[in-house]
Amino acid sequence: MLRNGVKKLTLETSSAAIGFTSLLSAPDFLHYSRDHRSVYKVLEACRLSSDYKAASAIHARIFKLGYGTYPSLVASLVSTYLQCDRLFLARKLLDQVFRLDVNVVIVNLVIEHLMGLGEYGFAKKCFHKTPVRDVITWNLMIGGYVRNARFEEALSFFREMLDSNVEPDKFTFASVMTVCARLGAINHALWVHRLMTEKEIELNPILSSALIDMYSKCGRIQTAKEVFNSADHSNVSVWNAMINGLAAHGLPFDAIAVFSKMEVENIFPDSITFIGILTACSHSGLVEEGRKYFNLMSSRYSIEPQIEHYGVMADLFGRAGLLEEAYAVIEAMPVEPDVVIWRALLSACRIYQKPKLGEVAIANMSRLKSGDYVLLSNMYCSMKRWESAEGVRELMKKKGIRKIRGRSWIELGGVIHRFKAGDRSHSETEGLYKVLDGLIRRTKLEGFLPQTDLVLMDISEEEKEGNLNHHSEKLALAYGILKTSPGREIMISKNLRICHDCHNWIKLVSKLLIRVIIVRDRIRFHQFEGGSCSCEDYW
């Protein structure tokens, strides 16, 4: 037996032991081994550099030194082996750990660290290996899936938890409400809220805020208001959730009214409050109001603007076409502007066709994502500068950068149906496209003309029109019409911003079918009704 009662375990890594000497000399490792945190730092260096041999040697030493069930070390080792494409060693490690007499506390910590490293697959293996699970174990799995944006897996685990003999608590429901909010799944949201009521979960500020956020993001802003009105107003987070929800729905004056009520009730706003109120102004073009609240931060509440506040102000001016003012805000910032701020300026440059300033934004962005290249390419295409656009696309190819594909989804009968542009993988594709083609014919008869100038490629008009007709939100809408009764409200979620062609087309569809159609894009909500949109064509 070794220290902490851990049995000696080894891996057949004799060759790795030789590789270990290239990382640290024996005296160095003896120094690091005095503290498991130091060993963790060395192991993390192996993980980041994909040094399999050194990690294997450290693995053997870890067990010799009695650190074999230290959760951070186990998780880091698993992640390192996966990084080095040594799947069998990662599995073997978990098998070895679970052959020991480990308790639920150790298991929970291992799961927590694995989720933190993004290794949710191995966290699940760990979960299924342990014979004893408490509410913390379930919460770590559900919350971990949420943090790794695996929302449907989180819901699946929640259902499994309900079938077990472990009762969910307030932390469980906080995570599950986040899932419903991110998916925009109103049927799931109503089910979760009902369960909370049945299980007599007492609302605290965190849960009240989560409820408001959930209903706001599921398109039920009126229900969110009702929750807010009945909630305890003593915590600023409840107010922030309401203001942010109203901002996302394009209701700036409602958001301002809530802010004014805060002042009446002597609730001090914080920095998050001002992000919400400034965003509300930005989404609706309220430039003067935005200036007013930005100045109020420091003059009345002694809150120093942070980089996020400067970013919203740059976005506010950029959306309003005041690009020089947006650039002046960026230049005057007391902190280094981040990539998000430059991206907001670049987006405005594309809309208002300011390529020179757009190139300045690109030049200041040290970490370009695919969307940034696409924005620049689109800006050139909109001005018919095909060679410049092609140059950007060639650069993307060289760097192996792919454009993020538009995806939309719709929840029907508790099931989430996902679509991407031109998708034909759905089981009801034939019926879906029949509905879509019929709608396209009807809208053309009403005088709708596809905005082919938005297809930023040097191809024929016919090809451009075909590209527009099969955008993911149009497919999701067609499926919603196929599967629902006439007059029923339809809500769609999308991972990117809705394009102008789809926006104008859905406005006309809402009028022709006499339906309310809600689209939640990456930025905000659009409620289409009677041929108009709640955003008033400003987004």
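Conventions used here
- Residues numbered from 1 in each chain as written.
- Predicted model: local features only at pLDDT ≥ 70, side-chain atom pairs only at ≥ 80, totals over all residues.
- Heavy atoms only, no water.
- Helix = DSSP H or I, 4+ residues; strand = E, 2+ residues; numbered from the N terminus.
- Expected span 1.5 Å × (residues − 1).
- Buried < 20%, exposed > 50% of the residue type's maximum accessible area, 1.4 Å probe, protein only.
- Arc of directions from axis to C-beta.
- Contact = heavy atoms within 4.5 Å.
- Pairing = 2+ DSSP bridges.
- UniProt positions renumbered as here; feature names shortened; annotations may be inferred.

A. Expanded view of helix α7 (residues 104-116). With 13 residues, α7 extends 18 Å from end C-alpha to end C-alpha; this agrees with the ideal 18 Å at 1.5 Å per step. Turning to α7, its buried residues are V107, N108, V110, I111, L114 and M115. Burial along α7 is one-sided: seen end-on, the buried residues are contained in an arc of 160°. Along α7, exposed side chains directed more than 90 degrees from the buried face belong to V105 and G116. Turning to α7, the residues buried within the fold contact α5 (71-83), α6 (87-99), α8 (120-129) and α9 (135-147). With its phi angle positive at about 85°, G118 sits one or two positions after the end of α7.

B. View of the environment of L183. Tracing the chain through its elements places L183 in helix α11 (residues 170-183). The exposure class assigned to L183 is buried, which follows from its relative accessible area of 4%. When the C-alpha positions of L183 and F151 are compared, they lie 7.4 Å apart, and in sequence the two are 32 residues distant. Once you skip the residues sitting within four places of it in the chain, L183 turns out to touch F151, E152, L155, W409, I416, R418, S493 and R520.

C. A look at the pairing of strand β4 (residues 517-520). Neither face of β4 is left uncovered, since the one carrying I517 and V519 and the one carrying I518 and R520 both have all their residues buried. As judged from the four bridges shared by strand β3 (residues 490-494) and β4, these two strands associate in the parallel manner. Looking at the pairing, M491 lines up with I518 of β4. Across four bridges, β4 lies against strand β5 (residues 525-529) in antiparallel orientation. If you follow R520 over to β5, its bridge partner there is F525. Connecting the antiparallel pair β4 and β5 is a turn made up of four residues.

D. Quick peek at the UniProt feature "repeat: PPR" (unreviewed entry) in the protein chain. This chain's UniProt record puts "repeat: PPR" (unreviewed entry) on residues 134-168, 169-203 and 235-269. Helix makes up 77% of residues 169-203 and strand makes up 0%, while its end C-alpha atoms are separated by 11 Å.

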